[in-house]
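So the chains spell out like this:
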Amino acid sequence: MSERSFEDYKLSDEIRRALALLKYETPTEVQSEVLQVALGNQDVVVKSQTGSGKTASFGIPICEMIEWEEKNPQALILTPTRELAVQVREDITNIGRFKRIKAMAVYGKEPFAKQKEELKQKTHVVVGTPGRVMDHIERGTLVLDQMKYFIIDEADEMLNMGFIDEVEAIIQELPSDRVTMVFSATLPKDVENLCHKYMKDPINIEIAATGMTTDTIDHYLIEVKEEGKISLLKDVTVVENPESCIIFCRTKDHVDTVFTELDEANYSCERLHGGLEQEDRFAVMDGFKRGNFRYLVATDVAARGIDIDNVTLVINYDVPMEKESYVHRTGRTGRAGNKGKAITFATPYEGKFIKAIERYIGFEIPSMEAPGHEEVTGRKAAFDEKISGRRVVKNNKTARINKDIMKLHFSGGKKKKLRAVDFVGTIANIPGVTADDIGIITIQDNLSYVDILNGKGSLVLQAMEHTTIKGKKLKVSKAIK
Ligand code: AMP
């Protein structure tokens, strides 16, 4: 439906350049609706599904409107999960790359002190889970004076997870002179109440569930007894032989069982559930994005908002208990115009859950037969061949936008009284380099990082080996992280 183009909006060259590299050619429907409202500084409540491009619909206007010079954060984005916080931070960083927007994520389980240090730096956008954001506010490490944009992402999930008190407490602390944007896949009463209470005449935007459940995803149901699921799973995966696949289970234990079974059968697989250490969760997500393995066995932790480059098959090993969860799980496939397939295993007793899901998505999920023995044997050779090879990741947006960027590490920082202007002044003086080639600068007590853009990293690195900054000789090297 969206006939608009990004040219129709007043966007700076820096943002346009990032969108081009991200290959965002035309705005998605939610973007074309939200962009003009948000660029006009109006409050907005948006009902839209994950996968619709909603992150950029708030990410683009925020990056556009942020004042780069301001040191204190200007936008706060709340997300229900840590994974989503990290994802949104990455999206904002990508969109704001050439405007040098500094976004950071704050979430539980990561050391508070590390985040506190980072928050002392110039930070434009803070993305976080409600508990940790509140912590930072209470301890005075997150300054709210300059907050102009407040976004609640996945509001329904946030309230489902019991974060209402934290969310309200955070809102109370924010300057009243701000723009508030709420995004939610569904608009239950408690979300509406929240909006009503804290927003100023919000514009309501409803993006029809874009047929993302119908147009781009083929849905199927296979009836199976509980004890037959593992063997059915193996048969289905052999026959479907997907490029990449997420298998959703109801509990951690099911994830562990299924993972162990597949691992023993030499599947290229990993698992993800809330019982794992946060670091491992990120490592698994990252590994899946990079194509290090093909099959991810997960609980609903992985179902929300996470942008994994086109998963081709979703299997609901267990029927989700909540109808919304069906949409989120299956929404991991068929993203951004790609085709996808979702197969749900249902035991004979789960008819009522299926009915509830069907009412919610508005159509009946067609049944399919379990693959027959012959079909499975016929496809086994092709399956074995694929499983032994690596998955090819075609579209890693972050890698593409970072292609020409080199992060340099300098062995001095605040304690040597160095400031961003000192780095800019020195680096922009190198023949062939201008201030436009300098990206995000992070200055810590004893070290600093400077992003060099446009493929000029090596040039700057070489030049800086013989150049002083503010009369000080620093060691310079390519940063590892
Ligand atoms: P989201 O709903 O924010 O999780 O985004 C869904 C996917 O669509 C992500 O992979 C985005 O990078 C991608 N995307 C967002 N906006 C656009 C656009 N205008 N054109 C193409 N892809 C987009």
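The rules we used
Residues numbered from 1 in each chain as written. Predicted model: local features only at pLDDT ≥ 70, side-chain atom pairs only at ≥ 80, totals over all residues. Heavy atoms only, no water. Pairing = 2+ DSSP bridges. Helix = DSSP H or I, 4+ residues; strand = E, 2+ residues; numbered from the N terminus. Axes fitted to C-alpha atoms, helices over the stretch in contact; angles between N-to-C directions. Contact = heavy atoms within 4.5 Å. Buried < 20%, exposed > 50% of the residue type's maximum accessible area, 1.4 Å probe, protein only. Lys, Arg positive; Asp, Glu negative; His and termini not counted. Salt bridge = Lys/Arg side-chain N within 4 Å of Asp/Glu carboxyl O. Polar contact = N/O pair within 3.5 Å; in protein donor to acceptor, adjacent residues only side chain to side chain. Domains from an automatic or database assignment. Phe/Tyr/Trp six-rings, centres within 6.5 Å; stacked < 30°, edge-to-face > 60°.

Student: If you had to explain the sheet that holds strand S17 (residues 476-478) to someone new, which residues and values would you point to?
Tutor: A sheet is described by the order of its strands in space; here four strands give the open sequence S15-S16-S14-S17, paired in antiparallel fashion. In the strand order of this sheet, the two ends are held by strand S15 (438-443) and S17, each with one partner. For this sheet the average axis-to-axis angle between neighbouring strands, irrespective of direction, equals 20°. Against the sheet, helix H17 (residues 420-427) touches strand S14 (406-410), S15 and strand S16 (448-452), its axis set at about 140° to S15. Packed on one face of the sheet, helix H18 (residues 457-464) meets S14, S16 and S17 and runs near 20° to S14.

Student: Summarise the side chain of aspartate 43; cite the residues concerned and give the values.
Tutor: Relative to the helices and strands, aspartate 43 is located in the loop between helix H2 (29-39) and strand S1 (44-47). Of the side chains with opposite charge, lysine 200 comes closest to the buried, unpaired aspartate 43, at an N-O distance of 5.1 Å. One polar contact links the side chain of aspartate 43 to the main-chain amide nitrogen of threonine 180, over a distance of 2.8 Å. Apart from the residues within four sequence positions on either side, aspartate 43 is in contact with Val37, Arg178, Val179, Thr180, Met199, Lys200, Asp201, Pro202 and Ile203.

Student: Just give me the short version of the domain arrangement of the protein, but keep the residues and values in it.
Tutor: Accessible area lost on assembly of the parts is the figure often given for the size of an interface. What the domain assignment lists for the protein is domain 1 (6-207), domain 2 (214-397) and domain 3 (404-478). The centre of domain 2, based on its C-alpha atoms, is set 46 Å off from the matching centre of domain 3.

Student: Talk me through the packing of aromatic side chains; I want residue IDs and the actual numbers.
Tutor: Within the structure shown, the criterion is met by seven aromatic pairs. For the pair phenylalanine 58 and phenylalanine 183, a centre-to-centre distance of 5.1 Å together with 55° between the ring planes defines the contact as tilted. Here the residue phenylalanine 58 occupies a position in helix H3 (residues 54-65), and phenylalanine 183 occupies one in strand S6 (residues 179-184), the gap between them amounting to 125 residues. Take phenylalanine 58: its relative accessible area is 0%, and that puts it in the buried class. Residue classification places phenylalanine 183 among the buried residues on the basis of a relative accessible area of 0%. Here the aromatic residues Tyr267, Tyr295 and Phe383 are joined through ring pairs into a cluster of three or more.

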